[in-house]
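# Structural overview
These are the residues of each chain, in order.
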Amino acid sequence: MKTIAFALLLAAPLAAADWTTYGGNAAGWRYSTLAQINAGTVTRLVPKWIFQSRVPGLIETTPLVMDGMMFVTAPSNHGFALDVRTGRQLWHYASTPPGPLNLCCGEVNRGFAAIGDRLFKVNIEDTLVALDRNTGKVLWQTVIADHRKGYSGTVAPLAVKNLVLVGTAGAEFGIRGFVDAYDAATGKRVWRFHTVPAPGEPGSESWGNDAWARGGGSTWITGTYDPELNLTYWGTGNPGPDMNGDVRPGDNLYTCSVVALDADTGKLKWHFQFTPHDVHDWDAISDPVLVDLTIGGRKVKALIQANRNGHYYVLDRTNGKFLLAEPYTRVTWTNGFGADGRPRPVAGQDPTEEGTKSCPGLGGGHNWQATAYSPQTGLYYFSSTDGCHTYYKTDHDFVEGQWYQLSTVDEVKHEPAKGSVIAVDAATGKTMWRYEMVRTPSGGALATAGGLVFLGDNFGYLIAFDARSGKVLWKFQTGATIVAPPVTFTVDGKQHLAVAAGGSVMTFALP
């Protein structure tokens, strides 16, 4: 079995035979140069094999494909290696989670990372485990944080050189978020960057009272990496408590932000806060995708993100400078931005005891589902929830390890939320096409050089869109809700597509 070098992970779109990292490449494009499956051939796609995990719950994994093997994770600390030609199970890793666990959103997991002949995954109790890629044997295991205090692990790790980078979940339980780096050989922690600064640290002045100690800012979606700048970029989640900002006066850095960290040391190089003093649960954890764009006649090393607050953003990834923001769904909480990107809030939009309607709703805008960028079209593809919520706030004392959101939301009567698949011009933020759905598309996106975008939905359909027009060219009923993003790869020179649906993994190819 060949060793997967870190350089190969960086060049993943060029080495399109495999899928070797969570985002397709270190920049998070989720784009493949494969084009056998294209607008002219996609209607002939047929299933090749189906693997039934027999694990309860929905699989959210991004499969890794390398050297004739596929590696997938499943809920509740399961991982599998499959023969990529047949779907036959080669090994199965399982570790029973401790109980009880206080979790926001189930015992989900989003996939492996690979360095050399090792695989890395987080477990739901917030541990990091290294496995032998050939056998699934555990090589080492490290505790990331104490699950009894509300921490949990759902993120797919990010491989950077000899380091394994991970985030944490649990902002609804009053945790203090961070990004960690671990030595791939030993499991020893190399650095930690806290997303909520302690008193005396830069940014601590943005927290009133002692709220920083339970300030949230979790990091539950995988970051990206620029090897030229040696920076890794991570989106951060909501402050704690979520909907009652009275107990945490200030902007609450570095929550609802993107942070750029030196990959070797974890030192903060810059940050940008999308939603200061968030009270609507608008995490900024969505994929921080790295692209080079021409804006105003100038070439820019950019970072793009479809933010949960309803806006698409472009930043300069060298320094965090704000370049543009454009709404992609209904927004009522702000009427624009200053030159520095700070939003101008609209009065009367914050949660109240009686309830306040605001748009977008609790889940966004765009949420955690994987996005895709195509250099072929210059378009950025993502899903959206289009609707509003009535937001409430309450108050109660903090109890370590217990729910600390303060408080909740209701649907707006006679205004059911719908969903969309959206393509925006990455350089301008202009929406170029929108495909409307009755519910938010729950799966992530994949773009290919075949001029296609693939995405799955709540009703079990895997759909192929024309990347330029948004026209539906093909769809297949998988029989279960899709919450995972598809990937594509080759087997014996033939392009394949794979996606998790329900508790299964399916592959497709041309006949």
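Residues numbered from 1 in each chain as written. Predicted model: local features only at pLDDT ≥ 70, side-chain atom pairs only at ≥ 80, totals over all residues. Heavy atoms only, no water.

Okay, the nonpolar core next. By size, the foremost hydrophobic cluster in this structure holds 47 residues, and its most contacted members are L45, M70, F71, W91 and F454. Setting aside residues up to four positions removed in sequence, M70 forms contacts with W49, P63, L64, V65, F80, A81, L82, V84, F489, A498, V505 and T507. Membership of the second largest hydrophobic core comes to 33 residues, among which are Y151, A159, V179 and Y182. (Core = buried A, V, L, I, M, F, W, Y, C linked by side-chain atoms within 4.5 Å. Buried < 20%, exposed > 50% of the residue type's maximum accessible area, 1.4 Å probe, protein only. Contact = heavy atoms within 4.5 Å.)

Across the six residues of strand β8 (residues 118–123), five count as buried, placing the element largely inside the fold. Where strand β7 (residues 113–115) folds back onto β8 in an antiparallel hairpin, the turn is made up of two residues, including G116, whose phi is positive at roughly 60 degrees. Strand direction decides the pairing type here: β8 and strand β9 (residues 127–132), joined by six bridges, are antiparallel. Within the sheet, the bridge partner assigned to K121 lies in β9 and is V129. What sits between the antiparallel neighbours β8 and β9 is a turn of three residues, in which D126 has the positive phi angle 70 degrees. (Helix = DSSP H or I, 4+ residues; strand = E, 2+ residues; numbered from the N terminus. Pairing = 2+ DSSP bridges.)

With that settled, consider the packing of aromatic side chains. Counted according to the given criterion, the structure contains 26 aromatic pairs. Between Y233 and W270, the ring centres sit 5.9 Å apart and the planes meet at 50 degrees, which makes this aromatic pair tilted. Here the residue Y233 occupies a position in strand β16 (residues 231–235), and W270 occupies one in strand β18 (residues 268–273), the gap between them amounting to 37 residues. We classify W270 as buried; its relative accessible area is 6%. Joined through ring pairs, the aromatic side chains of F272, F274, Y313, F322 and F337 make up one cluster. Directly above the ring of Y22 sits R30, whose terminal nitrogen or CZ lies 4.4 Å from the centroid. (Phe/Tyr/Trp six-rings, centres within 6.5 Å; stacked < 30°, edge-to-face > 60°. Lys NZ or Arg CZ within 6 Å of the ring centre and 35° of its normal.)

This paragraph deals with the sheet that holds strand β6 (residues 89–94). The four strands lie next to each other as β3-β4-β5-β6, forming an open sheet whose pairing is antiparallel. For this open sheet the edge positions go to β3 (64–66) and β6, each flanked by a neighbour on one side alone. For this sheet the average axis-to-axis angle between neighbouring strands, irrespective of direction, equals 15 degrees. (Axes fitted to C-alpha atoms, helices over the stretch in contact; angles between N-to-C directions.)

With that settled, the discussion passes to the sheet that holds strand β33 (residues 452–456). Spatial ordering of the open sheet is given by β1-β32-β33-β34-β35, a layout of five strands whose pairing is mixed. Where the open sheet ends on each side, the last strands, each with one partner, are β1 (31–32) and β35 (472–477). Sheet topology note: the β33/strand β34 (residues 461–466) ladder contains five bridges and is antiparallel. Note that in β34 the partner of L452 across the bridge is D466.

A complete count under the given rule lists two disulfides for this structure. Put simply, C104 and C105 are joined by a disulfide, and their sulfur atoms are 2.1 Å apart. The exposure class assigned to C104 is partly exposed, which follows from its relative accessible area of 41%. The disulfide partner of C359 is C388, and the gap between their sulfur atoms is 2.0 Å. (Disulfide = S-S within 2.5 Å.)

With respect to the secondary-structure elements, N25 resides in the loop between α1 (6–10) and β1. For N25, a relative accessible area of 8% puts it in the buried group. The spacing of N25 and P351 is 326 residues in sequence and 39 Å in space, taken between C-alpha atoms. In this structure the side chain of N25 is engaged in a polar contact, spanning 2.9 Å, whose partner is the backbone nitrogen of G28. (Polar contact = N/O pair within 3.5 Å; in protein donor to acceptor, adjacent residues only side chain to side chain.)

Relative to β6, strand β5 (residues 78–83) runs antiparallel, the two being bridged by five bridges. When the bridges of β6 are listed, H78 appears paired with A94. Hairpin remark: β5 followed by β6, antiparallel, with five residues in the connecting loop; positive phi at G87, about 80 degrees.

The next thing to look at is the pattern of salt bridges. If you walk through the whole model with that rule in mind, you get 18 salt bridges. For K161, the salt bridge goes to D264, with nearest N and O atoms at 3.1 Å. Taken as a pair, K161 in the loop between β11 (158–160) and β12 (163–167) and D264 in the loop between β17 (257–262) and β18 lie far apart in primary sequence, 103 residues in all. Using a relative accessible area of 32% as the deciding quantity, one classes K161 as partly exposed. We classify D264 as partly exposed; its relative accessible area is 39%. For R330, the salt bridge goes to E415, with nearest N and O atoms at 3.9 Å. Of this pair, R330 sits in the loop between β22 (322–327) and β23 (334–337) while E415 sits in the loop between β29 (409–411) and β30 (418–425), placing them 85 residues apart in sequence. Of the residues examined, R330 reaches a relative accessible area of 45% and is grouped as partly exposed. The exposure class of E415 is partly exposed, given its relative accessible area of 31%. Overlapping salt bridges, with partners in common, bring together D226, D292 and R317 in one network. (Salt bridge = Lys/Arg side-chain N within 4 Å of Asp/Glu carboxyl O.)

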